[in-house]
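# Architecture and fold: a report
Residue strings, one per chain:
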Amino acid sequence: MSSRLNQLFQVAPASYLERTVLFTDSLSSHESLALTANRLVHHLDIEPINTRSRVRVLTALQQYSDVPMMSYVVPLVGFALVPKNHPPHDLVFLPEFTCCRLLVRSDGDWLHISVDRDLHCMLPPPEAEPGSPFCDSVNYWEFITDNLVGSIRGTAVLVKEPEKPWRFIMQQITGAAGHEVVCTTFSRDLRYPEANQI
């Protein structure tokens, strides 16, 4: 029986992330990497794990038991190519967003979205460097505060609403394994020039 999590997420991604843990670590598995290699758009599905949930990659449309969720996926290595305006799909999923940063590069009508992994602290934004190819970045460490202890995991997605820029939403996850909860969420619009301003 379908859990309808795809439908719930697509209707209100920010609200979903505020109340339900969503793991994206499976997007980094060998199986998922093989399924997402050399493809622009992917069949993603949210499956329940008790009170939490996990994103997985499906091989075909016929595998859905819920509303289909076609989305972009940022790979561990390389980048996702995402239309700036009027994209056919309005979600971009990132691999687990823990100790890393999102990098955004503008190229005409497209955004190159990549992830810089295994960071140990806040770094200066690369877009501030002279001659930088990046127009924006979002660092996991921007949102970590001293009042949190233990392992703090992150899940991040980009959401596109009509006539608005792509929006970054990060979910902060705390708690012991098997009992994780949403600590808080953060969001902001990505900064990038429109195609006609380049």
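Residues numbered from 1 in each chain as written. Predicted model: local features only at pLDDT ≥ 70, side-chain atom pairs only at ≥ 80, totals over all residues. Heavy atoms only, no water.

Turning next to the state of the cysteines. For the structure shown, the criterion picks out 0 disulfides. Of all cysteine sulfurs in the structure, the one in Cys 100 sits closest to Cys 99, which takes part in no disulfide; the separation is 7.4 Å. We note that Cys 121 lacks a disulfide partner, and the nearest cysteine sulfur, in Cys 99, lies 10 Å from it. (Disulfide = S-S within 2.5 Å.)

With that out of the way, let us pick up the nonpolar core. If you look at the biggest cluster of nonpolar residues, it comprises 25 residues, and the most contacted ones within it are Leu 94, Phe 97, Leu 102, Leu 158, Trp 166, Phe 168 and Leu 190. Counting residues per element, this core draws most heavily on strand S8 (residues 110–116), which supplies 3 residues. Residues Leu 44, Val 55, Leu 58 and Tyr 64 belong to the second largest nonpolar core, which totals 19 residues. (Core = buried A, V, L, I, M, F, W, Y, C linked by side-chain atoms within 4.5 Å. Buried < 20%, exposed > 50% of the residue type's maximum accessible area, 1.4 Å probe, protein only. Helix = DSSP H or I, 4+ residues; strand = E, 2+ residues; numbered from the N terminus.)

Here the focus is the side chain of Ser 53. Inspection of the secondary structure puts Ser 53 in strand S3 (residues 52–58). Among the residues examined, Ser 53 registers a relative accessible area of 0% and is labelled buried. A distance of 2.7 Å separates polar atoms of two side chains, one belonging to Ser 53 and the other to Tyr 16. A distance of 2.8 Å separates the side chain of Ser 53 from the backbone oxygen of Val 21, its partner in a polar contact. Those residues in contact with Ser 53 that lie beyond four places of it in its chain are Leu 5, Tyr 16, Thr 20, Val 21, Leu 22, Phe 23, Ile 46, Glu 47 and Pro 48. (Polar contact = N/O pair within 3.5 Å; in protein donor to acceptor, adjacent residues only side chain to side chain. Contact = heavy atoms within 4.5 Å.)

This brings us to the pattern of salt bridges. This model, assessed by the stated rule, comprises 11 salt bridges. Here Asp 116 and Arg 101 are joined by a salt bridge, their closest N and O atoms 3.1 Å apart. Of this pair, Asp 116 sits in strand S8 while Arg 101 sits in strand S7 (residues 101–107), placing them 15 residues apart in sequence. Put simply, Lys 164 and Glu 161 hold a salt bridge, and the shortest N to O gap is 3.4 Å. Under the relative-accessibility criterion, Lys 164 is labelled partly exposed at 47%. (Salt bridge = Lys/Arg side-chain N within 4 Å of Asp/Glu carboxyl O.)

No statement about biological role is implied by the geometric values presented.
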